Amino acid sequence: MLTNNLDLEWFYDNNTPEPIYDNQGSRINTLDERRRDKMMEERRLLIDMAYTMNPHFKPPADYSASSNKRFRKLWIPIDEHPNYNFVGLIVGPRGNSLKRLELETGCKILIRGGEANKPRRSWKSKTPQ
């Protein structure tokens, strides 16, 4: 067994941060917590690396990929193009463009902002003149 070749410098953390306490007064950033977080991050990276090497790799039963979520925030230049309907372009007729984009990219697309959450007028709400 080769024990002399292990790199355990990350395990011995001499840089102790300021203590952080939860609502009950218990410290939440203890040395054990920081070690466990580092080990879980390394485990996640190794499982991801194994999956990229072998697509048929089955992760352990207790592995949850929820910690592997990535997101990107994209700003829409409404100020530069005030007359262009970006939300309508992204959503498309009956949401078909949005559904197609989600299927093609495998991403969940959320549109946030004042214009995106504005209630739509329906033809029933129009009053005859």
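Predicted model only: the values in this text are computed from it and were never measured.

Q: Just checking my understanding: could you explain helix α1 (residues 31-53) for this structure?
A: The periodicity of an α-helix, 3.6 residues per turn, causes residues three or four positions apart to be oriented the same way. The end-to-end C-alpha distance of α1 is 33 Å, a good match for the 33 Å that 23 residues give at a rise of 1.5 Å each. Here α1 has its buried residues at R34, R35, R44, I47 and D48.

Q: Sorry, what's going on with the environment of L101 here?
A: For L101, the position within the fold is in helix α3 (residues 96-105). In this structure L101 comes out as partly exposed when scored by relative accessible area, which is 31%. Separated by ten residues in the primary sequence, L101 and V91 place their C-alpha atoms 9.3 Å from one another. Among residues more than four places away in sequence, those in contact with L101 are I90, G106 and I109.

Q: Explain the pattern of salt bridges to me, please; I cannot follow it from the model alone.
A: Oppositely charged side chains may form a pair once their charged atoms are brought near each other. The tally for this structure, following the rule as stated, stands at five salt bridges. Among the ionic pairs, R43 bridges to D62, the shortest N-O distance being 2.8 Å. With R43 in helix α1 and D62 in the loop between α1 and α2 (86-91), this pair connects stretches of sequence that are 19 residues apart. Overall, R43 belongs to the partly exposed group, its relative accessible area being 26%. D62 sits in the exposed class, given a relative accessible area of 58%. Here R44 ties to D48 by a salt bridge, and the two come within 3.0 Å at their closest N and O atoms. Here R44 pairs with D48, and both are found in helix α1, just four residues apart, close to one helical turn. The exposure class assigned to R44 is buried, which follows from its relative accessible area of 13%. Each of E41, R44 and D48 takes part in salt bridges that share partners, so that together they form one network.

Thresholds, definitions, all that
- Residues numbered from 1 in each chain as written.
- Predicted model: local features only at pLDDT ≥ 70, side-chain atom pairs only at ≥ 80, totals over all residues.
- Heavy atoms only, no water.
- Helix = DSSP H or I, 4+ residues; strand = E, 2+ residues; numbered from the N terminus.
- Expected span 1.5 Å × (residues − 1).
- Buried < 20%, exposed > 50% of the residue type's maximum accessible area, 1.4 Å probe, protein only.
- Contact = heavy atoms within 4.5 Å.
- Salt bridge = Lys/Arg side-chain N within 4 Å of Asp/Glu carboxyl O.

Keep in mind that these numbers describe shape and distance, not what the molecule does.
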